[in-house]
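# Chain and residue survey
One-letter residues, chain by chain:
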Amino acid sequence: MLSPINAILGLFSRDIGVDLGTATTLLMVRHQGIVICEPSVVAIEKKSKKVLAIGTEAKRMVGRTPGNIVAIRPLKDGVISDFEITEQMLHYFIGKVHDQFALIPRPRVVIGIPSGVTEVEKRAVHDAAINAGAREAYLIEQPMAAAIGAGLPVNEPTGSMVVDIGGGTTEVAVISLGGIVVSRSLRVAGDEMDQEVIQFARQKYNLLIGERTAEEVKWEAGSAFPMNEEKRVALRGRDLVTGLPREVEVSSIELREALSGSVGMIVEAVKTTLEQTPPELVADLMAHGIALAGGGALLSGIDQRLSYETKMRVYVADDPMTCVVRGTGLVLEELGTLKKVLVSDQHKKPLKLA
Ligand code: ADP
Ligand code: MG
C-alpha cells in the first residue's frame, strides 16, 4: 500500500520510466510522455577514460573518431560490460530530465533492464538511479515491460508471448500471472543483421561498407519473408580491389539471403521457447498470438516469417520501439498493484563479500 506521504509526493513528483536498451535508451516522464530517445552510446578518451559525450552526440562520433577516442556501448551484449560507464550514462539521462536542485520531490524511477543482467549489475543500476536523484528505484526485466507496453494481459491467468528484437539481444518470453514462465535471451538481433550485410557486401561485391550504411540498407530493403514487390537499393562503399569508392545495386532478395543466419536463429529461439511452454499456455498463445516488440520487429516480413514457421498468429505491437518504456510508465502508474512484475529486491541488500 502507498503511504499517505508517498501518495502526496506522487502527485507532484515527475516519476520516470527508463528503457536501458542495448542500442537505444528511452525515458518517459509521468503525465508527460516520452522525453528522451537516444543511442546507448558513450564516447570516452582512451587514456584518461574521461567521458566526452553521451547519447546522440556520442553516436555521431562512431567511426569518425580519432584514434584516442572510443565510442562504447556498455550494454551491447545485454549484459553490463562496464559498470562505471553505464552508471554515468544513466546518471546523465536521468539528470537531463530531473533537476536535482529544483523544488520538486525527487522522482520514483522504474528501469527496464536486459534479462541477462546479474545481481551485482542490478545493484549498480539501482544505485546509479538513486545517485542520480531518484527517491526510489525499481527494476523490471525488459521482456516483462515490453509485454505490458504491448498491452498484453500479463497479470491474468493466461499465457502471453512477447518477442523483443533489439540491437544486441532478442528476448523471448512467455508470461502468465505476473511472472515470466519460460524465456530465452539470444545475443543475436539487429546488430548481427548489420554485420551480415557488411559481410555480404564484402564477399559478393568486394565492397567495404560501414556499419551505418549497413543498418540503413537493412531498414530500406532488408526482409525476412518474400515481399509483394521486391526492392533494389544502392550500396556505397570502397572497392576492396581498387581502393576507390564504388556503388553497386543490390536486391532485397539478396539481402534476405544475407540476413538468413540471424533471422533463422531468432526463428529457432521462438520455436524452442514454444516447445518448452506448458501445453495449457500454448493453447492460450494459439488464441491470442505472439506480439513482436523492439526495433527489430520493424524488419519487413519478420511477423509473416515467424507466423509461417510457428503456424501461429504473429503481430507487430503498436510502436514496437517504445513498448518497454511505455511498459515502465504503466508500472509507475500502478506501482501498488503491479509490484509483482518487478525484479525482486535482492539487489538492494548489502553485498556479501566472499
Ligand atoms: P534495444 O532495445 O536493444 O536498445 P531497439 O529496440 O532500439 O534496441 O532496436 C534497435 C534495432 O532495431 C537496431 O538494430 C535497428 O537497426 C533496428 N531497427 C530499427 N528500425 C528498423 C527497421 N525499420 N527495419 C529493421 N530493423 C530496424
Ligand atoms: Mg529493447
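Presented here is a report on the structure given in the accompanying data block. Treat the numbers as computed from the prediction; the structure is a model and nothing was measured.

### With respect to the nonpolar core
Within the largest apolar cluster, 43 residues are counted, with the highest numbers of intra-cluster contacts made by Met161 and Leu235. Ranked by residues supplied to this core, first place goes to helix 9 (residues 260–276) with six residues. Setting aside chain neighbours within four positions, we find Leu235 in contact with Phe200, Ala201, Leu207, Ile209, Val217, Arg246, Glu247, Val248 and Val250. Leu75, Ile80, Val97 and Val117 belong to the second-largest nonpolar core, a separate cluster that totals 29 residues.

### As for the site of ligand 1
Close to ligand 1 lie 17 residues; Thr22, Ala23, Thr24, Glu215 and Lys218 are nearest. Gly167 is positioned such that a nitrogen or oxygen atom in its backbone is 2.9 Å from an oxygen atom of ligand 1. Between an oxygen atom of ligand 1 and a side-chain N or O atom of Glu215, the distance comes to 2.6 Å. Within the complex, 89% of the 580 Å² of free accessible area of ligand 1 lies under protein. At three residues, the largest contribution of residues to the shell around ligand 1 is made by helix 7 (residues 211–221). Here the residues of the shell around ligand 1 are counted per class, giving five nonpolar, nine polar and three charged.

### Some words on the side chain of Ser160
Looking at the element boundaries, Ser160 is found in strand 9 (residues 160–165). A relative accessible area of 5% means that Ser160 is categorised as buried. Those residues in contact with Ser160 that lie beyond four places of it in its chain are Leu152, Pro153, Ala173, Val174, Ile175 and Leu285.

### Side note on the pattern of salt bridges
Throughout the structure, instances matching the rule amount to 16 salt bridges. Among the ionic pairs, Arg73 bridges to Asp191, the shortest N-O distance being 2.9 Å. Of this pair, Arg73 sits in the loop between strand 6 (69–72) and helix 3 (83–97) while Asp191 sits in helix 6 (residues 190–205); the two residues are 118 residues apart in sequence, bridging distant segments of the chain. Among the charged side chains, a salt-bridge network with shared partners connects Asp15, Arg30, Arg108 and Glu333.

### Quick word on the sheet that holds strand 5 (residues 51–54)
The sheet built from three strands is open, its strands ordered 5-4-6 with antiparallel pairing. Across the chains shown, the open sheet's two edge strands, defined by having one partner strand only, are strand 5 and strand 6. Strand after strand, the sheet turns through a mean of 20° between neighbouring axes, direction not considered. For strand 4 (residues 42–45) and strand 5, the ladder comprises three bridges, and the chain directions are antiparallel. Paired with Ala43 across the two strands is Ala53, which belongs to strand 5. Each of strand 4, strand 5 and strand 6 is contacted by helix 3, which is oriented at about 50° to strand 5, the strand it contacts most.

### Some remarks on the environment of Met286
Considering the arrangement of structural elements, one finds Met286 in helix 10 (residues 279–288). Take Met286: its relative accessible area is 54%, and that puts it in the exposed class. Put simply, Met286 and Glu257 are 29 residues apart on the chain and 29 Å apart in space, counted from C-alpha to C-alpha.

### A look at unusual backbone geometry
Despite not being glycine, Leu177 has its phi angle at roughly 50°, a positive value. Along the chain, Leu177 turns up in the loop between strand 10 (170–176) and strand 11 (179–186). Positive phi, close to 45°, is recorded for Asp319, a residue that is not glycine. Secondary-structure assignment places Asp319 in the loop between strand 16 (314–316) and helix 12 (323–333).

### Observations regarding helix 6
With 16 residues, helix 6 extends 22 Å between its outermost C-alpha atoms, agreeing within 8% with the 22 Å of an ideal straight helix rising 1.5 Å per residue. Looking only at helix 6, the buried set comprises Gly190, Met193, Asp194, Glu196, Val197, Ile198, Phe200 and Ala201. Looking one or two places after helix 6, you find Asn206, whose phi comes out positive at around 55°.

Cut-offs applied
Residues numbered from 1 in each chain as written. Chains lettered and ligands numbered in written order. Predicted model: local features only at pLDDT ≥ 70, side-chain atom pairs only at ≥ 80, totals over all residues. Heavy atoms only, no water. Core = buried A, V, L, I, M, F, W, Y, C linked by side-chain atoms within 4.5 Å. Buried < 20%, exposed > 50% of the residue type's maximum accessible area, 1.4 Å probe, protein only. Helix = DSSP H or I, 4+ residues; strand = E, 2+ residues; numbered from the N terminus. Contact = heavy atoms within 4.5 Å. Near = heavy atom within 4 Å. Polar contact = N/O pair within 3.5 Å; in protein donor to acceptor, adjacent residues only side chain to side chain. Areas by Shrake-Rupley, 256 points an atom, 1.4 Å probe, with all protein chains shown as cover. Nonpolar A, V, L, I, M, F, W, Y, C, P; charged D, E, K, R; others polar. Salt bridge = Lys/Arg side-chain N within 4 Å of Asp/Glu carboxyl O. Pairing = 2+ DSSP bridges. Axes fitted to C-alpha atoms, helices over the stretch in contact; angles between N-to-C directions. Expected span 1.5 Å × (residues − 1).

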